[in-house]
Structures are given as structure tokens and as C-alpha cells.
Amino acid sequence: MNRRWLAAGLAFLFLPSIVWCGHKKEKKKNPPTEEANTAASLPPERAIDQEISEMLGYWQVGDLDNLHKYYSDGVTVVSGTFEPPLVGWASYATAYTRQRARLGSLRLDRRNTFIFVRGDMAWATYQWEFSGIVDGKYAADRGQTSLILTRQGDRWVIVHNHTSEICGAQASPQPAQPQAPGGA
């Protein structure tokens, strides 16, 4: 498989997912869940970590409707390939839909997450390992993602996602050494 296509495909997978155009909107709003109330009561770093975990869980099962709540409608997305960034949901929708059609079963593991909060803005960075079926063949890769988030009410929303594949990486990465909170 062409490694550049795999990198592009993985980059689109780790980007924010979209809400399908034309989906019927529910007339009733779901009442706030205990899970949402718990996230709001957590320290910001823990709430963001929990939201990243939830987002990646929805991504793995392909639940686009629930993924949307983690991303801004004006999100910008940068992949590991040399192509222009995607700006907004409409741009991403076309690319994501094409990429998602190429996937079978898959798994994504996240590690070495670091989160920094400054007022109503935060950024997070983590490493990922992907394995799954792409174009009918087994594929495995790994890379890094950096997210920029802003606080919107009691939630943190991703406004920028930069995902890159690590080319030629073979061995498992060593766990990063913990840093003091707020360190750069």
C-alpha cells in the first residue's frame, strides 16, 4: 500500500469527525447526563483528558453524531501530508467521508498525553498507534496529534487538530517522563 495514502488516510481519521449533512434533527433535547455533569466538576486537565478519551471512543465505533460535540464548527485540520489545511466542517466532511469508506475494523491506542490549560484556552498532545483494515488489507501505523481547545460553557471544544504519522518508526515509543503541571 502506498505509504503516503496510508498517512493521508490516518490523518483524516484522527481529525475531527463530522455530522452528516441532511441528518434529521431530534425534536427533543436529551437531558444533561450525570457523565456531563461529572466532567464539568473535574479540574480542567482531567476534564479535557476525559473528553479526548470519549472522542476517540466515538471515533473508533464510528459514531459521528456524538463526535461532533467535541469539535468547533470552524475547526481547522492539518494532516501529515503536504496539502492545504481543511477549514470548517464542510471541507472536512468531503475528505472524511471518502476516507471512512476505505476502513474496516480498526483500533486506536493513545499514550503519553500532556495537557496544558491557560484560562479558557488549552492544548493537548499525545502519541497514537493505529491498527486495522484499510482498503481490505491490514495496516498499522503510529503518530502524534496536537489539539487546541477552547472552553465553551462547561465543555472544552477542539478548534484545531494537527495529526502526523511518524514515518519509518518501528519500535514502541518509550513512555515520556512526566513534567510538572504547566511546564512547556
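Located above this text is the structure these notes cover.
Let me sum up the structure you'll find in this document.

Conventions used here
Residues numbered from 1 in each chain as written. Predicted model: local features only at pLDDT ≥ 70, side-chain atom pairs only at ≥ 80, totals over all residues. Heavy atoms only, no water. Helix = DSSP H or I, 4+ residues; strand = E, 2+ residues; numbered from the N terminus. Contact = heavy atoms within 4.5 Å. Areas by Shrake-Rupley, 256 points an atom, 1.4 Å probe, with all protein chains shown as cover. Pairing = 2+ DSSP bridges. Axes fitted to C-alpha atoms, helices over the stretch in contact; angles between N-to-C directions. Buried < 20%, exposed > 50% of the residue type's maximum accessible area, 1.4 Å probe, protein only. Expected span 1.5 Å × (residues − 1). Polar contact = N/O pair within 3.5 Å; in protein donor to acceptor, adjacent residues only side chain to side chain. Salt bridge = Lys/Arg side-chain N within 4 Å of Asp/Glu carboxyl O.

### Observations regarding the overall build of the chain
Tallying secondary structure elements over the chain gives five helices and six strands in all. The linear arrangement of helices and strands in the chain, starting from the amino end, is α-α-α-α-β-β-α-β-β-β-β. A fraction of 63% describes how many contacts in the chain between residues 6 or more apart in sequence connect residues 24 or more apart. Summing over all exposed atoms, the chain offers an accessible surface of approximately 10,600 Å²; the carbon and sulfur share of this is 55%.

### Some words on the sheet that holds strand β4 (residues 121–134)
An order of β2-β1-β6-β5-β4-β3 is seen for the six strands of this open sheet, with the pairing classed as mixed. Unpaired on one side and paired on the other, β2 (86–87) and β3 (103–118) mark the two borders of the sheet. When β3 meets β4, the two strands line up antiparallel, connected through twelve bridges. Residue pairing across strands places Ile115 opposite Ala124, the latter belonging to β4. This element, helix α3 (residues 44–61), spans β1 (71–78), β3, β4, β5 (137–152) and β6 (155–165) of the sheet and lies at about 170 degrees to β3.

### Remarks on the environment of Lys69
Counting through the fold element by element, Lys69 comes out in the loop between α4 (64–67) and β1. Residue Lys69 is classed as partly exposed on the basis of its relative accessible area of 36%. Between the C-alpha atom of Lys69 and that of Trp156, which follows or precedes it by 87 residues, the distance is 9.5 Å. Discounting residues that sit within four places of it in the chain, Lys69 has contacts with Tyr58, Arg155 and Val157.

### Observations concerning α3
In an α-helix there are 3.6 residues to a turn, and that puts residues three or four apart on one side. Between its first and last C-alpha atoms α3 spans 26 Å; for 18 residues at 1.5 Å apiece the expected length is 26 Å, and the two agree. Taken together, the buried positions of α3 are occupied by Ala47, Ile48, Glu51, Ile52, Glu54, Met55, Leu56 and Trp59. Phi turns positive, to about 75 degrees, at Gly62, one or two residues after α3.

### Some thoughts on the side chain of Asn112
Along the chain, the position of Asn112 falls in strand β3. Polar side-chain contacts of Asn112 include one of 2.4 Å to the side chain of Gln127.

### As for the environment of Leu42
As for its placement among the helices and strands, Leu42 is situated in the loop between α2 (34–41) and α3. In this structure Leu42 comes out as buried when scored by relative accessible area, which is 18%. Leu42 has contacts with Ala47 and Gln50, leaving out every residue within four places of it along the chain.

### Structural notes on the pattern of salt bridges
Under the counting rule described, the total for this entry stands at six salt bridges. Between Asp49 and Arg110 there is a salt bridge whose closest N-O contact spans 2.9 Å. Note that Asp49 is positioned in helix α3 and Arg110 in strand β3, a separation of 61 residues in sequence. You can call Arg110 partly exposed: its relative accessible area is 23%. Across the salt bridge formed by Arg151 and Asp120, the nearest N and O atoms sit 2.9 Å from each other.

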